[in-house]
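Listed below, chain by chain, are the residues.
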Amino acid sequence: MAMPQDVKTHPDFPVPETMKAWVLGEPGELDLVDKPVPAPSKAEVLVRIDAVAICATDLEIIHHGPPAQIEGGLPFNKNFTPGHEYMGTVVALGPGVDEYAIGDRVTVEIHAGCGQCKRCREGMYTSCHNYGKNYGEVDKGHRANGFTTDGGFCEYQVNNINTLVHVADTMSDEEATLVVTAGTAMYGLTELGGLVAGESVVVSGPGPIGLLGAAVAKALGAHPVILTGTRDNRLEIGKRLGADHVVNVRKEDPVEAVRRLTDGQGVDYVVECSGAPNAVNEAARMLNRGGKLCLAAFPSDAVPVDVAYLVRNNIYVFGIRGEGKSATHRAEAFMRQKRFDASLIHTHTFQMEDLKEALRYAKDRVDDAIKVVVRNRSAESQRVAAE
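Note that the coordinates shown come from a computational prediction; the quantities given were computed from them, not determined experimentally.

Trainee: If you had to explain the side chain of Thr 57 to someone new, which residues and values would you point to?
Mentor: By the element assignment, Thr 57 lies in helix α1 (residues 56-64). For Thr 57, the residues in contact, after removing those within four places along its chain, are Pro 67, His 84 and Phe 147.

Written as structure tokens, this is what we have:
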């Protein structure tokens, strides 16, 4: 189907009628199929997906379903395309869109809230009260690409203009896919207060969000920034990203180490990115009284928490979902200014047709994979032709 007449296109960026897209069938089953290229509506653009990073949440969705919600239920056998950490080029504009131009390079946030509910009006669109209510006869305007609507393991995708972030031409496609990851870390620090210059911060768990959490905290002026984890090589990357101290929790008690590094005082903030069973209790004991704890990881099982300790010590606990309050724009600004080198966490690149192998690398941490990026050959050939 050709683009509707009220959709703007440009001959330099031809849009095909169909595209290759990975579709989720049974749990863990992905097939590469032909899908119609979607058409952007009001306040939407069509993005040619140039590169997409694999997130641990993608693996959870592909194998177990949650937190994706398609037609009010699990995403299996519903012609659903997962993937959410992507960047690309704007190739078509929906009716009335003038905020972006065809040819713009953008990275894409996940959530476009409904814009109507209480949380969206507060800027908390990742906590939209109408999450998933955009199917069948219920259309509340919400979409979360790769969660409640089709995502980025394909060649083209429709995105609300509120989810787009311009990326600098000096930033590679692979680095641009990491802006959302940095945005999640930025959102966590925003919810903890935002003004962390001179404050002490622990980031636990040197996965992608944890590593960039240390980088963002340092770029915001935090001191000291302490990164804890189990892998020395990842902790070393954390040092290169700005961590002042690293602690291998397999070699020493992390609470004792943090207390030692802060002259017994504990830290002002902890950003918990590991999801480990005892992480919340350990994080609480790293904090000084009145400190703040941000939970950015999804534990696989329910975990016991010493609530009495939290109450006695006046500890504030925040949970975050995604990258709300325009944190991604601020993260991109840091990356544009080269305040830290996010590309240090990009370890592997595959082509889109090799997605299954890319997912295996990410899931099994083959060659100690941290961030695995998948590229579209079609985007590369179009870029060469344009040049």
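Trainee: Provide a residue-level description of the packing of aromatic side chains, including the pertinent values.
Mentor: Applying the stated rule across the entire model yields 2 aromatic pairs. For the ring pair Phe 334 and Phe 340, a centre distance of 6.5 Å and an interplane angle of 80 degrees mean the geometry is edge-to-face. Here the two residues Phe 334 and Phe 340 agree in accessibility, since each one is buried. Ring centres of Phe 350 and Tyr 361 lie 5.0 Å apart, and the angle between their planes is 65 degrees; this geometry places the pair in the edge-to-face category. Linking Phe 350 in strand β18 (residues 346-351) with Tyr 361 in helix α11 (residues 355-364), this pair joins segments that are 11 residues apart in sequence. Given the relative accessible area of 15%, Tyr 361 is considered buried. A cation sits over an aromatic face here: Arg 285 above Tyr 309, 4.2 Å from the ring centre. Just above the ring of Tyr 316 sits the side chain of Lys 292; from NZ or CZ to the centre is 5.9 Å.

Trainee: Break down helix α4 (residues 179-191) for me, with residues and values.
Mentor: A rise of 1.5 Å per residue sets the reference length of α4, with its 13 residues, at 18 Å; its end C-alpha atoms lie 18 Å apart and thus fit the reference within 8%. Within α4, 12 of the 13 residues are buried, which leaves the element mostly enclosed by the surrounding structure. Val 179, Val 180, Thr 181, Ala 182, Gly 183, Thr 184, Ala 185, Met 186, Tyr 187, Gly 188, Leu 189 and Glu 191 are the residues of α4 that are buried. Downstream of α4 by a residue or two, Gly 193 has a phi angle that is positive, lying close to 140 degrees.

Trainee: Describe in detail helix α10 (residues 327-336), supporting the description with residues and values.
Mentor: The periodicity of an α-helix, 3.6 residues per turn, causes residues three or four positions apart to be oriented the same way. The set of residues buried in α10 consists of Ala 327, Thr 328, Ala 331, Glu 332, Phe 334 and Met 335. The buried side chains of α10 occupy one side of the element, clustering within an arc of 155 degrees when seen end-on. Of the surrounding elements, those touching the buried residues of α10 are β11 (164-166), α3 (173-176), α4 and α5 (208-219). Positioned one or two residues after α10, Lys 338 has a phi angle of 60 degrees, which is positive.

Trainee: Tell me what's going on with the layout of surface pockets, and back it up with residues and numbers.
Mentor: One water molecule sets the probe size; rolling that probe over the atoms shows where empty space is left. There is about 660 Å³ of room inside the second largest pocket. Of all the elements in the fold, those that place two or more residues in the lining of the second largest pocket are β2 (30-36), β7 (134-135) and β10 (156-160). The biggest single contributor to the lining of the second largest pocket is β10, with 3 residues. Looking at side-chain class alone, the lining of the second largest pocket contains 10 nonpolar, 13 polar and 7 charged residues.

Trainee: Can you break down the sheet that holds strand β15 (residues 267-272) residue by residue, with the values?
Mentor: In a beta sheet, neighbouring strands are held together by backbone hydrogen bonds and run either parallel or antiparallel to one another. Sheet architecture is open: 6 strands sit in the order β14-β13-β12-β15-β16-β17, paired in parallel fashion. Of all strands in the sheet, those bounded by a partner on one side alone are β14 (245-248) and β17 (316-319). Strand-to-strand twist across the sheet, computed as the mean angle between neighbouring axes with direction ignored, equals 20 degrees. Against the sheet, α5 engages β12 (201-204) and β13 (225-229), with an angle of about 175 degrees to β13. Against the sheet, helix α7 (residues 254-261) contacts β12, β13, β14, β15 and β16 (287-295), and its axis sits at roughly 160 degrees relative to β14.

Trainee: If you had to explain unusual backbone geometry to someone new, which residues and values would you point to?
Mentor: Note the cis peptide between Pro 66 and Pro 67, where omega equals 5 degrees. With respect to the helices and strands, Pro 67 occurs in the loop between α1 and β4 (85-93). With an omega of -10 degrees, the peptide bond running from His 223 to Pro 224 counts as cis. In this fold, Pro 224 is placed in the loop between α5 and β13.

Trainee: Would you mind going over the pattern of salt bridges in detail, with residue names and values included?
Mentor: All told, the structure shown has 22 salt bridges when counted by the stated rule. Of the charged contacts, one joins Arg 105 and Asp 173 as a salt bridge, the two residues approaching to 2.8 Å between their closest N and O atoms. Of the two residues, Arg 105 sits in strand β5 (residues 105-108) while Asp 173 sits in helix α3, which places them 68 residues apart along the sequence. We note that Arg 105, like Asp 173, is buried. One salt-bridge network, in which partners are shared between bridges, spans Arg 105, Asp 173, Glu 174 and Arg 375.

Trainee: Lay out the state of the cysteines in plain terms, naming residues and giving numbers.
Mentor: Following the criterion strictly, the structure yields 0 disulfides and no others. Cysteine Cys 114 remains unbridged, with the sulfur of Cys 128 as its closest cysteine sulfur at 3.7 Å. Relative accessible area serves as the criterion here: at 12%, Cys 114 is assigned to the buried category.

Trainee: I'd like a rundown of the pairing of β4, residues and numbers included.
Mentor: Here β4 lies mainly inside the structure; 9 of its 9 residues are buried. Inspection of the sheet shows strand β3 (residues 44-53) paired to β4 by 8 bridges, in the antiparallel sense. Paired with Leu 46 across the two strands is Ala 92, which belongs to β4. Of the pairings in the sheet, the one linking β4 to β5 comprises 3 bridges and is antiparallel in character.

Criteria and cut-off values
- Residues numbered from 1 in each chain as written.
- Predicted model: local features only at pLDDT ≥ 70, side-chain atom pairs only at ≥ 80, totals over all residues.
- Heavy atoms only, no water.
- Helix = DSSP H or I, 4+ residues; strand = E, 2+ residues; numbered from the N terminus.
- Contact = heavy atoms within 4.5 Å.
- Phe/Tyr/Trp six-rings, centres within 6.5 Å; stacked < 30°, edge-to-face > 60°.
- Buried < 20%, exposed > 50% of the residue type's maximum accessible area, 1.4 Å probe, protein only.
- Lys NZ or Arg CZ within 6 Å of the ring centre and 35° of its normal.
- Expected span 1.5 Å × (residues − 1).
- Arc of directions from axis to C-beta.
- 1 Å grid on protein atoms, 1.4 Å probe; cavity = no way out; pocket = protein on both sides within 12 Å on 5 of 7 lines; lining within 4 Å.
- Points joined across faces, edges and corners; volume = space filled by probe spheres on them.
- Nonpolar A, V, L, I, M, F, W, Y, C, P; charged D, E, K, R; others polar.
- Pairing = 2+ DSSP bridges.
- Axes fitted to C-alpha atoms, helices over the stretch in contact; angles between N-to-C directions.
- Salt bridge = Lys/Arg side-chain N within 4 Å of Asp/Glu carboxyl O.
- Disulfide = S-S within 2.5 Å.

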